[in-house]
Each structure stands twice: as C-alpha cells, then as structure tokens.
Amino acid sequence: MERLQTRASVTVPVSALVLAAGAAVSFAVGDAVGFLSDAAEGVFVVTWLLGWVLLAWAAIIGGGYAVLLGLRRLSRRPVSRSEAVLVAASLALIAVVMATHQLWGTGSAVG
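This one's a predicted model, so the numbers in the text were calculated from it and none came from an experiment.

A. Quick peek at the overall build of the protein chain. Looking only at helices and strands, the protein chain has three helices and zero strands in total. Helices (α) and strands (β) of the protein chain occur, in sequence order from the N terminus, as α-α-α. Here the protein chain holds 111 residues, and 23% of them are scored as buried. Of the contacts formed within the protein chain by residues at least 6 apart in sequence, a portion of 72% connects residues at least 24 apart. With an accessible surface of roughly 7500 Å², the protein chain has 69% of that area assigned to carbon and sulfur atoms.

In structure tokens:
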C-alpha cells in the first residue's frame, strides 16, 4: 500500500531557487568585472560559465519538480502550497535570468 506524503518537501524547490539566485549573482559579478583587460576577461569567462552551469542545474531541478508536482496534482495526491509557490518562484527567477543573459544574440555583431 502506498503512503501519502503528509509534509511538504521544500528542499528540492529551495535548492532550485538557490541555484538560480547563484546564477544571477554569478552573471552580475561577470557584468561588474567586464572584459576590458586580460585578467578581467578571465574572470568574466569563469563567472559566465559558472552562471550557465548553475542556471542549467536550476532549470533541470526546478522543471523536473514542477513536472512531479503536476503529476501529483493529476493523480489527486496533495500538493503543498509552499511547494507550488517555491517552484513557481524558482521558475520565474530562471526565466528572468535567461531573458537578461541570453546565450546567443546579445549584440556582439551589431554595429
């Protein structure tokens, strides 16, 4: 017999939110450092790569948990409001970070 989950498990959505916030901070540090000198360009590249790695993991974890919550909801199992809010917040932060730091098409050849 299957047991229903009675308590909300917020560890996974919080980790997705923390990863997305870490990506935003990493991109902000890279933007603040810039790439005008060779040393600054090295820091910029590292923070840019770190930001995308963190953002990718946040999207995998947050998206996967959103699918899990959707499946739980469809099977009429209880879904905690805090879980849903945290997943929505993490997905919204991921979308904002992706919109502000695009992987390509950022105007490098505009001129």
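Let us keep going from here.
B. Quick peek at the environment of Leu49. Structurally, the position occupied by Leu49 is in helix α2 (residues 38-74). Measuring from C-alpha to C-alpha, the distance between Leu49 and Gly30 comes to 9.7 Å, with 19 residues separating the pair along the chain.

C. The arrangement of unusual backbone geometry in detail. Positive phi outside glycine occurs at Arg76, with the angle close to 65 degrees. Examined against the element boundaries, Arg76 turns out to sit in the loop between α2 and α3 (81-100).

D. Looking closely at the packing of aromatic side chains. In total, this model carries two aromatic pairs according to the counting rule given. Centroid distance Phe27 to Trp52: 5.6 Å. Interplanar angle 70 degrees. Geometry classified as edge-to-face. Of this pair, Phe27 sits in helix α1 (residues 11-33) while Trp52 sits in helix α2, and the two are 25 residues apart along the sequence. Ring centres 6.5 Å apart and planes at 65 degrees place the aromatic pair Trp48 and Trp52 in the edge-to-face group. Within this pair, Trp48 and its partner Trp52 are both found in helix α2, separated by four residues, close to a single helical turn. Taken together through their ring pairs, the aromatic side chains of Phe27, Trp48 and Trp52 make up a single cluster.

E. Main features of the side chain of Thr47. Checked against the element boundaries, Thr47 lands in helix α2. Relative accessible area serves as the criterion here: at 12%, Thr47 is assigned to the buried category. Of note is the side chain of Thr47, whose polar atom sits 3.0 Å from the backbone oxygen of Phe44.

F. Spatial organisation of the nonpolar core. Within the largest apolar cluster, eight residues are counted, these being Ala20, Ala23, Phe27, Trp52, Leu55, Ala58, Ile94 and Val97. Broken down by secondary-structure element, the contributors of at least two residues to this core are α1, α2 and α3. Ignoring sequence-local partners within four residues, the contact set of Ala20 consists of Ala58, Ser90, Leu93, Ile94 and Val97.

The rules behind each value
- Residues numbered from 1 in each chain as written.
- Predicted model: local features only at pLDDT ≥ 70, side-chain atom pairs only at ≥ 80, totals over all residues.
- Heavy atoms only, no water.
- Helix = DSSP H or I, 4+ residues; strand = E, 2+ residues; numbered from the N terminus.
- Buried < 20%, exposed > 50% of the residue type's maximum accessible area, 1.4 Å probe, protein only.
- Contact = heavy atoms within 4.5 Å.
- Areas by Shrake-Rupley, 256 points an atom, 1.4 Å probe, with all protein chains shown as cover.
- Phe/Tyr/Trp six-rings, centres within 6.5 Å; stacked < 30°, edge-to-face > 60°.
- Polar contact = N/O pair within 3.5 Å; in protein donor to acceptor, adjacent residues only side chain to side chain.
- Core = buried A, V, L, I, M, F, W, Y, C linked by side-chain atoms within 4.5 Å.

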